[in-house]
Amino acid sequence: MTAIEKANSAFSFLAGGGQMGTMIRAKDWSETPLGSPAEWPQSLRTSVGLVLSSPFPILIAWGPETIQLYNDSYIPICGAKHPESLGQNFRICWETALPVVGDAFSRGEQGEGTYIKDQQMFLDRHGYLEEAFMTFSFTPISDELGKVGGIFHPITETTDKILSARRTQFLRDMAEKTSAAELYDEIYEVVDRALQHSNLDVPFVLFYELTSENELILKKSSGLAAGLPITREKISIDSVSDGWPFAEAIDEQKSILIENLPSKFGKYVCEPYPELPHSAMLLPIKIAGLDKPFGFMIAGVSSRRAIDNEYANFYALLGNTISTAFSRVYAYEQEKKRAEFLAEVDRAKTTFFSNISHEFRTPLTLMLGPLEDALNSPQSITENATRLQMAHRNGLRLQKLVNTLLEFSRIEAGRVEGKFAQVDIIAFTKDLASTFRSAIEKAGMDLIIETEVVRDEVFVDTDMWEKIVLNLISNAFKYTSEGSIKLTITQQGKNIKLSVTDTGTGIPDDQLDRIFERFHRIENFGGRSQEGTGIGLSMVKELVRLHGGFITVESEFGKGSTFTVEIPTGKEHLDDSASNNKINAKVSSGSAAFVEEALKWLPGESEDSISVKEEDNPLQKVIRIVLADDNTDMRDYINRLLSPKYEIITATNGEEAFEKILQHKPDLILSDVMMPRIDGFGLLKIVRENEAVKTTPFIFLSARAGEESRVEGLQAGADDYLVKPFSAKELFAKVESTIRISSQRVEMEGRLKLMVAEKTKALIQSNEDLQQFAHVASHDLKEPVRKIRTFTDRLQKNIGNLADEKSKTYFEKINSASSRMVSMIEGVLAFSTVNAGDIQPEKFSLSEVIANIEEDLELSILNKSAIIEARDLPDIVGARVLIYQLLYNLCSNSLKFSVPGSPVRISIFAGKAKVKPGYAELIVQDNGIGFDQQFASRIFETFTRLNSKDEYEGTGLGLALCKKIVERHGGEIHGESEEGKGTSIYFTLPVAN
């Protein structure tokens, strides 16, 4: 064989091999530790030939220097390291992968093959550390000496598969967890929690919401600290200096990749890698039906993955998932708002019909009652004339109400067409306002009318304009008790401006936006009367709109209001039906109804007290009644009915009524439900809470008909409920029966107190009887306890070994409780027997007493999720059984009066207050419902209860017994509490030295 043939034969194993075969043949291997291919051992030649001929990615690392050779399929694994990686030391080339593959590679060099699937590693193959996933093996290659000459390294990259699965799972979790969100904040929290556990693909997220002022407000920052330039809390959408191209994202309606974040925002910290994220995706949150995005989600891009098509698609899907979640919440909120709106409309309708019921029933009462009296009474023509005048006046009022409702319904239905004509707007408006002058001056106020020259022609519908002006002045009069009402009319530009200003109560800020809503009324708002339908201002707004104008209101609560109406001059804004002829507009007869109603809001000349009829027996007690109603006619009518027999004290609202109730201590209260300042229910509440008048009988006079309203009144604590319209006979019957029942109750309570006092006195005076009682009671109380113990013992013996651990525990608890019961009976009876004598003291541990109480109250403690915490407790010198009863009662009270649904915490500890020598202060503290501190002195009285029996069971004796026990030990006891914030009971007891 010639030298050339030998050379060709030496390199025959490198034949073929595609691109890498060519590169291996062209490389000068003599400059590497491997030397010339002609000198390579046969094992290396065979391995290289096998690698070059394989379509599978394979690398060989040969020799102590782990020089690497690989085939064409391995080139993508190398990335930008190719072709420099050919002939390079494996450990140097893949240094960044050694933390996860180095051990396996070393074991391969020692002759042990390894196989690793889907291994995460970070490769420096594109100029940065890149997250990648590989499935590979390291197989040792034996050389001619039987030693490991190199490593056979087949490998498959599974990065795309793993990242796709991971990102898909992330999106699936996002979709699933945000699907249950009902609030936007819940979406933010879902994303935040997700990034805490899975932030490899999305290292940080910022959520911005777009406001109507074109500002973006940061709602949530996940993965980034607050207060940094990159997490600014407020950004103008038009600002280009803030780093985020929001305006561009809105204009183009698409996601935008933002790069070079550190150069834009400076340094910041962001996990999971030490390298800062270089890029982020700006994703608009789109909601169907909105012209602009709801907001934006800024999602960071991993610092160890470049944005490729798959990564970009992931962000697009993430943006869609988040937008879908926001759309769902938006739709839910819209539906919720719609439901709330419908509910509000329903409530408004209910309120409206309740008000209308009141408005109809009050005049009906004042029509039917006087007419019935006139028909049934043989009294003089003068007396009947007064009744008929009242009936006629209220008939007109009822007619006005019906007309107002009909007109409002026509306006709402769009069936009203104005009859516009040219008028002298100043003269007409002054005439309308002047109709109220007498009523305003009678109320002690001033009516001020100011006008300026109106240059242009003014066209109005005279009936509509009359209603506008009279409603505004009537409303001002209703809510102004002193000062003035000023009406001004001027021309400003092409508009006529009418303003009505008062010095009245003003309107609360939270009600200004709703003042023109139909049916809306401000409940218990200060004014002369609570009467009204709630549609006056709403109708005024619609009438102004029909004139092509608008109405506004300015108000300061407590200082007054200004309602301003503006309508255009001329008739260009009107249809062709407007008359060109100027008419002499006159005030209609309907204005009298407004003034008449306003006059009835003023108090009568002599309403404070009406003298009673002379009785045959001058010593008979005068029965006094307080009557509260904001309608003058109603007060006059009831006065005339009841004054011949009772003394009547009248009030125009609940606040005034309560003052007169405290002053006169009446035998009966008659109250309307709907009144200004304090309504009927409010009056009933403060009466029942006041110790001086809490038992006064109370009858509601209400226009609210139906069983539900009656039950509501009785449940609130009223004694009876009389529905308007009512007859004189019905009123008399209710009043007489209520007063009679009240008198009988008072008489019975007096007899009971006398009887109890006599019995108590007899018991105190007869110590022998007490001892006899104690002896009998001891026998009667102990006997059933003995039987409990006897039959429990027999039951235990019969069951024997068949009883499980729970049953045995129950038997032990029964025996323990019965033993303590016997001890308690003996101690209490012994205490009763020596009530006048001294306590036989003993020294005992207070902690042991608390332990016994916890055992006896075990079931209640479990049911209430209660914790009894005892600390720093001294040893006590006293009657053990009585101290047990004291603490048992206090703990039982804390459990009983706990806040429903909340865990109970009871703390028993020694206080730090200085007390008399030989005594210590002890405190039992809980987190229960508490009580008003004004009742602190009453809670220790016998039979005292601050809560309803139906709500909390008990006899009213527990705390009274506690007081008795503490005082018998020479101590003192008192309580401190606040409603809703728990109770603390402080007491002192003698302690051991």
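Reading the values: rules and limits
- Residues numbered from 1 in each chain as written.
- Predicted model: local features only at pLDDT ≥ 70, side-chain atom pairs only at ≥ 80, totals over all residues.
- Heavy atoms only, no water.
- Helix = DSSP H or I, 4+ residues; strand = E, 2+ residues; numbered from the N terminus.
- Expected span 1.5 Å × (residues − 1).
- Buried < 20%, exposed > 50% of the residue type's maximum accessible area, 1.4 Å probe, protein only.
- Polar contact = N/O pair within 3.5 Å; in protein donor to acceptor, adjacent residues only side chain to side chain.
- Axes fitted to C-alpha atoms, helices over the stretch in contact; angles between N-to-C directions.
- Parallel < 35°, antiparallel > 145°, perpendicular 65-115°, else oblique.
- Left-handed = near helix turned anticlockwise from the far one by under 90°.
- Contact = heavy atoms within 4.5 Å.
- Nonpolar A, V, L, I, M, F, W, Y, C, P; charged D, E, K, R; others polar.
- Arc of directions from axis to C-beta.
- Pairing = 2+ DSSP bridges.
- Core = buried A, V, L, I, M, F, W, Y, C linked by side-chain atoms within 4.5 Å.

Participant: What should I look at first to understand helix α15 (residues 462-478) in this one?
Facilitator: Turn by turn, an α-helix covers 3.6 residues, leaving residues three or four places apart pointing in a common direction. For α15, spanning 17 residues, the distance from its first C-alpha to its last is 24 Å, which sits close to the expected 24 Å at 1.5 Å a residue. In terms of burial, α15 is a largely internal element, 13 of the 17 residues being buried. Where α15 begins, one side-chain oxygen reaches toward the backbone nitrogen of D463, 3.0 Å away; that side chain belongs to D461.

Participant: Would you take a moment to explain the packing of helix α19 (residues 654-664) against helix α20 (residues 680-689) for this structure?
Facilitator: Between two packed helices, both the angle of their axes relative to each other and the distance between the axes serve to describe the pair. For the pair α19 and α20, the least separation of the axes is 9 Å and the interaxial angle reads 25°. By the angle class used here, α19 and α20 are roughly parallel. Where α19 crosses over α20, the two elements pack in a sense that is right-handed. Of α20, the residues touching α19 (which contributes G654, A657, F658 and I661) are L683, I686 and V687. Of the residues assigned to the contact of α19 with α20, the class counts are 6 nonpolar, 1 polar and no charged.

Participant: Looking at this structure, I do not really get the side chain of S85. What am I missing?
Facilitator: By the element assignment, S85 lies in the loop between α4 (75-78) and α5 (90-93). Residue contacts for S85: discarding those within four places in its chain leaves Q68, Y70, C78 and C93.

Participant: I keep staring at α19 and nothing clicks. Help me out?
Facilitator: Within α19, the full set of buried residues consists of G654, A657, F658, K660, I661 and H664. Angular distribution of buried residues about the axis of α19 spans 165°; they occupy a single face of the element. Along α19, the residues that are exposed and aim more than 90 degrees away from the buried face are E659 and Q663. Those residues of α19 hidden inside the fold are in contact with β19 (624-628), β20 (647-651), β21 (668-672) and α20. Where α19 begins, the capping side chain belongs to N653, and its oxygen is found 3.0 Å from the backbone nitrogen of E655.

Participant: What am I meant to see in the sheet that holds strand β4 (residues 129-142) here?
Facilitator: Sheets are built from strands paired through backbone hydrogen bonds, the pairs being either parallel or antiparallel. Read from one edge of the open sheet, 5 strands run β2-β1-β5-β4-β3, paired in antiparallel fashion. The open sheet has two free edges, formed respectively by β2 (67-70) and β3 (114-124), since each of these has just one partner strand. Averaged over all pairs of adjacent strands, the angle between their axes in this sheet comes to 30°, without regard to strand direction. As defined by bridge partners, strand β1 (residues 58-62) adjoins β2 across 4 bridges and the pair is classed as antiparallel. Across the sheet, the residue bridging to A61 is Q68, located in β2.

Participant: Explain the nonpolar core to me, please; I cannot follow it from the model alone.
Facilitator: Proteins that are soluble and globular tend to have nonpolar side chains buried together. By size, the foremost hydrophobic cluster in this structure holds 49 residues, and its most contacted members are I425, W465, L472, F477 and V565. Among the elements that take part in this core, α15 stands out by supplying 9 residues, more than any other. Among the nonpolar cores identified, the runner-up in size contains 42 residues, and L14, I24, C78 and I155 belong to it.

Participant: Honestly, unusual backbone geometry in this entry has me stumped. Any pointers?
Facilitator: The general pattern is negative phi for most residues beyond glycine and trans for most peptide bonds. For the bond from H82 to P83, the omega torsion is 10°, close enough to zero to count as cis. One can find P83 in the loop between α4 and α5. With an omega of 10°, the peptide bond between E271 and P272 qualifies as cis. Structurally, P272 can be placed in the loop between α10 (261-265) and β10 (280-285).

These figures come from the coordinates and say nothing about function on their own.
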